[in-house]
Amino acid sequence: MSTAALRLHVAAFGELSARTLHDLLKLRVDVFVVEQECAYPELDGRDVEPGTRHLWLERDGAIAAYLRILADPGGVARIGRVLVAPTARRQGLAGRLLTEALALVGERPCVLDAQSHLAGFYRAHGFTDTGPEFVEDGIPHLPMRRDPEGPHR
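What comes next is a walk through the structure. (Residues numbered from 1 in each chain as written. Predicted model: local features only at pLDDT ≥ 70, side-chain atom pairs only at ≥ 80, totals over all residues. Heavy atoms only, no water.)

Across its full length, the chain carries three helices and eight strands. Mapped from its N terminus to its C terminus, the chain presents α and β elements in the order β-α-β-β-β-α-β-α-β-β-β. Its C-alpha atoms give the chain a radius of gyration of 15 Å, within 12% of the compact-globule value 15 Å for 153 residues. Counting only C-alpha atoms, the chain reaches 35 × 30 × 30 Å along its principal axes. In the chain, which comprises 153 residues, the share counted as buried stands at 43%. Nonlocal contacts in the chain, meaning residues at least 24 apart in sequence, comprise 60% of its contacts between residues at least 6 apart. Accessible surface computed for the chain: about 8,000 Å², of which carbon and sulfur atoms make up 56%. The centroid of the 18 positive side-chain charges in the chain is displaced by 4 Å from the centroid of its 21 negative side-chain charges. (Helix = DSSP H or I, 4+ residues; strand = E, 2+ residues; numbered from the N terminus. Rg over C-alpha atoms; globule rule 2.2 N^0.38 Å. Buried < 20%, exposed > 50% of the residue type's maximum accessible area, 1.4 Å probe, protein only. Contact = heavy atoms within 4.5 Å. Areas by Shrake-Rupley, 256 points an atom, 1.4 Å probe, with all protein chains shown as cover. Lys, Arg positive; Asp, Glu negative; His and termini not counted. Charge placed at Lys NZ, Arg CZ, Asp CG, Glu CD.)

The next point concerns the pattern of salt bridges. All told, the structure shown has twelve salt bridges when counted by the stated rule. Residues Arg46 and Glu49 are paired through a salt bridge, measuring 3.1 Å at the closest nitrogen-oxygen approach. For Arg123, the salt bridge identified is with Asp129, shortest N-O distance 2.8 Å. The exposure class of Asp129 is partly exposed, given its relative accessible area of 37%. (Salt bridge = Lys/Arg side-chain N within 4 Å of Asp/Glu carboxyl O.)

The computed volume of the largest pocket comes to approximately 900 Å³. Lining the largest pocket we find 31 residues, and of these Phe32, Arg81, Val82, Asp113 and Gln115 sit closest to its centre. The element contributing the most residues to the lining of the largest pocket is strand β4 (residues 76-84), with seven residues. A per-class count over the lining of the largest pocket returns 16 nonpolar, five polar and ten charged. (1 Å grid on protein atoms, 1.4 Å probe; cavity = no way out; pocket = protein on both sides within 12 Å on 5 of 7 lines; lining within 4 Å. Points joined across faces, edges and corners; volume = space filled by probe spheres on them. Nonpolar A, V, L, I, M, F, W, Y, C, P; charged D, E, K, R; others polar.)

Turning our attention to helix α2 (residues 93-105). Between its first and last C-alpha atoms α2 spans 18 Å; for 13 residues at 1.5 Å apiece the expected length is 18 Å, and the two agree. Within the span of α2, buried status applies to Leu93, Gly95, Leu97, Leu98, Ala101, Leu102 and Val105. Positive backbone phi, at 65°, marks Gly106, one or two positions downstream of α2. (Expected span 1.5 Å × (residues − 1).)

Moving on to the side chain of His9. Tracing the chain through its elements places His9 in strand β1 (residues 7-11). A distance of 3.3 Å separates a polar atom in the side chain of His9 from a polar atom in the side chain of Glu58. When neighbours within four sequence positions are excluded, His9 is seen to be in contact with His54, Leu55, Trp56 and Glu58. (Polar contact = N/O pair within 3.5 Å; in protein donor to acceptor, adjacent residues only side chain to side chain.)

Across all of its chains, the model carries two aromatic pairs by this definition. With a centroid separation of 4.9 Å and an interplanar angle of 75°, the aromatic rings of Phe121 and Tyr122 are classed as edge-to-face. Residue classification places Phe121 among the partly exposed positions, given a relative accessible area of 27%. Note on Tyr122: relative accessible area 6%, which makes it buried. (Phe/Tyr/Trp six-rings, centres within 6.5 Å; stacked < 30°, edge-to-face > 60°.)

These values are about where atoms sit, not about what they do.
In structure tokens form, the structure reads like this:
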């Protein structure tokens, strides 16, 4: 990807254009289903929930990084589907996008299931392990949580 400026986008499902939705879903499938070789139901129904927010960084009209924030029960935010496009990796975009997401989450508790090899990245953003490692779609994961009064403050 070029060095052109990045634009942050935040949208509910109903605010996504058909083209943007297509591009977001294609990138998610390209990374999670094809690259990581995980055959799973990528379209899980949660993208359309009223509390879901889609965040992405765009450069030159291409999606460089993406994640979604879900509204879990009890006022807990859940971050998932975190990815960086292969052409945009190693530029700090995941950290930038996660910082934007956490600002949007605000004072709510936030959870995620981190791929185990990325747990240190999430710990650096204030998340702590909340349970034992588990395998999902052939990839080890760790459940993690960030509380408003946590170590990031």
